[in-house]
Amino acid sequence: MDKKPYPFLPFEDSLVGEKILFVWQESHHSEKNLKDHLLKVLELKEDQLVFTPNAIKQKLMVSYPTEIRNLINNNSASEIPNLLIEIAKGKTPSNPTPAVDICFELIEWLLTGFDLDEVLRETLSLLFGTTLSIEFLISVRAEYFKELRG
């Protein structure tokens, strides 16, 4: 008997997702609106937002950061947004299953460890199908670090 995958709630199960939603709502938008944007862009149904099984996740969370570092080192950071969207959609050779949870983890990793604001702004704009400002990203980062400091 196969286990049913556990639902991934992007704006509850991810700290960076929580902060994206918080900043989005500060601009007088709704959570439903943000989630609808996400599902439409990724061409997913809500029941496809599930956690990646641990064994697969562990493997991917080694390979994807390596791939991203290689893009950065080869001056190809502009390819990162499309890679992250492909990961979320499940359209990468290493994982043909939607992995929004992994995409959000990688966004969080980039947000906290790299100086790639334009890459992240572009990623979030693509992910939510709307043009977001650099100020939006800066606010997300500020809220994220405020949460960490308690």
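Everything quoted here is computed from the prediction, not taken from an experiment.

Asks: Describe the nonpolar core, naming the residues involved and giving the relevant values.
Replies: Ranked by internal contacts, the top residues of the largest apolar core, which has 44 residues, are I80, L84, I87, V100, L127 and F128. Those elements that place two or more of their residues in this core are α1 (15–26), α2 (31–42), α3 (54–73), α4 (80–89), α5 (100–113), α6 (117–128) and α7 (134–149). Here this core takes eight residues from α5, the largest share from any one element. With near-sequence residues (within four places) excluded, V100 lies in contact with F8, L38, L42, L44, L49 and A88.

Asks: Break down the packing of α6 against α7 for me, with residues and values.
Replies: The contact between α6 and α7 brings their axes to 9 Å, and the two run at 100°. Between α6 and α7, the angle is such that the two are roughly perpendicular. Residues D117, E118, L120, R121 and L124 of α6 pack against I134, F136, L137, I138 and R141 of α7. Looking at the contact of α6 with α7 residue by residue, the classes come out as six nonpolar, no polar and four charged.

Asks: Tell me about the packing of aromatic side chains, residues and numbers included.
Replies: For any pair of aromatic rings, the description rests on two quantities: the centre-to-centre distance and the angle between the ring planes. Inspection of every chain in the model, using the stated rule, returns seven aromatic pairs. Judged by centre distance (6.1 Å) and plane angle (75°), the ring pair of F8 and F104 falls under edge-to-face. Taken together, the positions of F8 in the segment before α1 and F104 in helix α5 put the pair 96 residues apart, joining distant regions of the chain. Exposure remark for F8: the relative accessible area of 3% places this residue in the buried category. Accessibility expressed as a relative area gives 1% for F104, which makes it buried. Centroid distance F11 to F104: 6.4 Å. Interplanar angle 65°. Geometry classified as edge-to-face. In this pair, F11 is assigned in the segment before α1 and F104 in helix α5, connecting sequence segments 93 residues apart.

Reading guide: rules and limits
Residues numbered from 1 in each chain as written. Predicted model: local features only at pLDDT ≥ 70, side-chain atom pairs only at ≥ 80, totals over all residues. Heavy atoms only, no water. Core = buried A, V, L, I, M, F, W, Y, C linked by side-chain atoms within 4.5 Å. Buried < 20%, exposed > 50% of the residue type's maximum accessible area, 1.4 Å probe, protein only. Helix = DSSP H or I, 4+ residues; strand = E, 2+ residues; numbered from the N terminus. Contact = heavy atoms within 4.5 Å. Axes fitted to C-alpha atoms, helices over the stretch in contact; angles between N-to-C directions. Parallel < 35°, antiparallel > 145°, perpendicular 65-115°, else oblique. Nonpolar A, V, L, I, M, F, W, Y, C, P; charged D, E, K, R; others polar. Phe/Tyr/Trp six-rings, centres within 6.5 Å; stacked < 30°, edge-to-face > 60°.

Honestly, that's just the spatial picture; any functional story needs more than this.
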